[in-house]
Amino acid sequence: MGSIPNTGESTKLTQPSFDEFQRQTSLMTSCTLLWKELSDHFNSLEQNLMKKSEALKDKLRVLDEQTKKSLNVLEKRETTIDGSVEIALKIVEKSKEAALSVLEKESEADSEDSLGEVDDGDGVLAKLRWFCLKMEARGFWSFVTGKKKDLELLREKMPLALVECVDPARLVLESISEVFPHDRREIRDKSEKSNDLGWACVLILESLIPVVVDPVIGKSRLLVTSSVKERAKEIAETWVASLDERGGIENVKTPDVHTFLQHLVTFGIVKKEDVDFYRKLVIGSAWRKQMPKLAVSLGLGDEMPDIIQELISRGQHLDAVHFTYEVGLVEKFPPVPLLKAFLKDAKKAAASILEDPNNVGRAANLAARKEQSALKAVIKCIEEYKLEFQFPPENLKKRLEQLEKGRTEKKRQPAAVPANKRTRANIGGPMPPAKAGRLTNAYVSSFPAPSFVRSPSHGQYHPGVSPYSPPPTIYGSVSPPPPPNPYLYSSEAAAPGFGGSYPAPPPPMNYPLPYTAYGGPAYQPAYY
């Protein structure tokens, strides 16, 4: 008979087989998940590679287009050189003939006198043309700086006059050399040092741009001689080297910065390696109206988002709005929130002024002026960029009217007048003036003025004391009788002639001696 199988042994044999199956199952599941993860990873890598490949192809396409465009521009510049030079030579020849004709016709003095009045536009243009034809840089500079009130007229007429120059770029360099790169006025007259003439430098440099641009291809090429351009580079390097003497970028004056940047743009001597330096200068003088355009001309267009963000972090929200509109980043930096933040900061500043214990007397006036200037700037910005629909200015205008009305009413309030300290302590009534010359009819004589007498309305002196001591006999004049006003002589008292005697004094007054007891001529009344 066969043996009976042992059930315990069969159980022990089958148990490890089931565990192995479970282990294999979990291993297959892990491998499946890992495979899926790896597949997804490789798919993402493939997609990224495809995207980068497409981006690289786009960049190559743009680069090819820019290369073709640059080659076309270079070809155009090369083909137009002869034409531009011919046009420039004709202009120079014309200017030369005009200058020679002026020199032949009249001398310098007669020419200046023949210009007549220069208050109107024609007179200003004639004067500027005369200096340009003569290449008289010093006279040109003096005339421009003396016409600051006619700034817009100069801005309009100066380019027309610079066209008449044989070498307008050289004339401009020699003109502004009076104050740029160094202010040389201190050598001759220190009183002129405080008069800032940066506005004149910027005006002249701006007026030169339309004169020196290429008549064929425009601003991409400036008709400036190599010698003048080298001189302009030397001037710019001298200014940069003098920054340490001026206290660094942080302490340099804004008009000087504006002149320097405009100098670079006008003569086309911007350096790409100095972009970070230009950026610091632009941010430090961002409140200037022309600074956004200058920043673009300096090659800072790609860095404008960072510049705007830095201005916002500095609290210069209004300047950030101007930069935003200049480069077309309105969607990225909406102007209305920036303007509201600017007004909020202005209100905080006004409140801090009111809380300042050092400005107790004028704190209200300073705070009102601070808020007024902020409101005016925001209203002007809204009108300039047509933001009335997004930011209605009616409430701002009402607030501005309230502030102006409050300041006007405060000015109309009469000032507190201090009490008169010159009063009589014992007998009452005001003291007489300190100087006889303050009276309407002051005593006119080479001798001392007569003493003031007491009014009859006041009480008498003690009978034992003489109210007035008799004057010495050397004076030869007589004290006048008491007028109705205790301090002013009446016309009736001065009526008698020079040789007549005065009438007797009123009864209440007791004089120790008769009027004619001095042995001299009678009293002569003072002239009115």
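The numbering scheme is per chain: residues are counted from 1 as the chain's sequence reads. Only residues with pLDDT of at least 70 get local features here, since the model is predicted, and only at 80 or more are side-chain atom pairs given and counted; chain-wide, interface and lining totals rely on the full set of residues. By convention in this description, side-chain values take in all heavy atoms of the structure and omit both hydrogens and water.

The condition is simple: UniProt positions are given in the numbering used here, feature names are shortened, and annotations may be inferred rather than shown by experiment.
Taking an unreviewed UniProt entry as the reference, the chain is identified by name as FRIGIDA-like protein belonging to Trapa natans. Reading the Sequence similarities (unreviewed entry) entry of the UniProt record for the chain gives the comment "Belongs to the Frigida family."

### Section: the packing of helix H11 (residues 254-267) against helix H12 (residues 275-284)
Short version of the rule: Helix axes are fitted to C-alpha atoms over the stretch in contact, other axes to C-alpha atoms as well, and angles between N-to-C directions run from 0 to 180 degrees. Runs of E in the DSSP output that reach at least two residues are strands. Runs of H or I that reach at least four are helices, and both are numbered from the N terminus. The cut-offs work like this: below 35 degrees is roughly parallel, past 145 is roughly antiparallel, 65 to 115 is roughly perpendicular, and the gaps in between are oblique. Handedness of a crossing is defined here by the sense of rotation of the near helix relative to the far one, left-handed for an anticlockwise turn of less than a right angle and right-handed for a clockwise turn. By the convention used here, residues are in contact when the closest approach between their heavy atoms is within 4.5 Å. Residue polarity follows a fixed list, in which Ala, Val, Leu, Ile, Met, Phe, Trp, Tyr, Cys and Pro are nonpolar, Asp, Glu, Lys and Arg are charged, and the others, Gly among them, are polar.
Two elements in contact, H11 and H12, have axes separated by 10 Å at closest approach and are oriented at 140 degrees. Between H11 and H12, the interaxial angle falls into the category oblique. Seen along the crossing, H11 lies across H12 with a hand that is left-handed. Every residue of H12 that contacts H11 at Val257, Phe260, Leu261 and Leu264 is listed here: Phe277, Tyr278, Leu281 and Val282. Here the contact of H11 with H12 is composed, by residue class, of eight nonpolar, no polar and no charged.

### Some details on the side chain of Glu371
Here is the rule: Buried, partly exposed and exposed residues are distinguished by accessible area as a fraction of the type maximum, computed with a 1.4 Å probe on protein chains only: under 20%, between the cut-offs, and over 50%, respectively. Under this definition, polar contacts are N or O atom pairs within 3.5 Å; protein pairs additionally need one hydrogen-donor-capable and one acceptor-capable atom, and for neighbouring residues in sequence, both atoms have to be side-chain atoms.
With respect to the helices and strands, Glu371 occurs in helix H17 (residues 363-384). Using a relative accessible area of 11% as the deciding quantity, one classes Glu371 as buried. Within the structure, the side chain of Glu371 is placed 3.0 Å from the side chain of Arg399, a separation counted as a polar contact.

### Points about unusual backbone geometry
Cis geometry is adopted by the peptide bond preceding Pro181, which originates at Phe180 and carries an omega value of 5 degrees. Considering the arrangement of structural elements, one finds Pro181 in the loop between helix H6 (168-176) and helix H7 (185-188). For Lys386, which is not glycine, the phi dihedral falls at a positive 55 degrees. With respect to the helices and strands, Lys386 occurs in the loop between H17 and helix H18 (394-412).

### Observations regarding a positive patch on the surface
Filter applied, for reference: Here a patch means residues that are over 30% exposed by relative accessible area and free of salt bridges, tied together within 9 Å if like-charged and within 5 Å if nonpolar (Val, Leu, Ile, Met, Phe, Trp, Tyr). Using a 1.4 Å probe, the Shrake-Rupley method yields the accessible areas, and only the shown protein chains count as cover for residues. Salt bridges, as used here, are contacts in which a Lys or Arg side-chain nitrogen is within 4 Å of a carboxyl oxygen on Asp or Glu. In this count, Lys and Arg are taken as positive residues and Asp and Glu as negative ones, while His and the chain termini are left out. For charged residues, the charge sits on one atom: NZ in Lys, CZ in Arg, CG in Asp, CD in Glu.
Residues Lys219, Lys289, Lys293 and Lys380 make up a contiguous surface patch of positive charge. Here Lys293 lies in helix H13 (residues 291-297). Note on Lys293: relative accessible area 56%, which makes it exposed.

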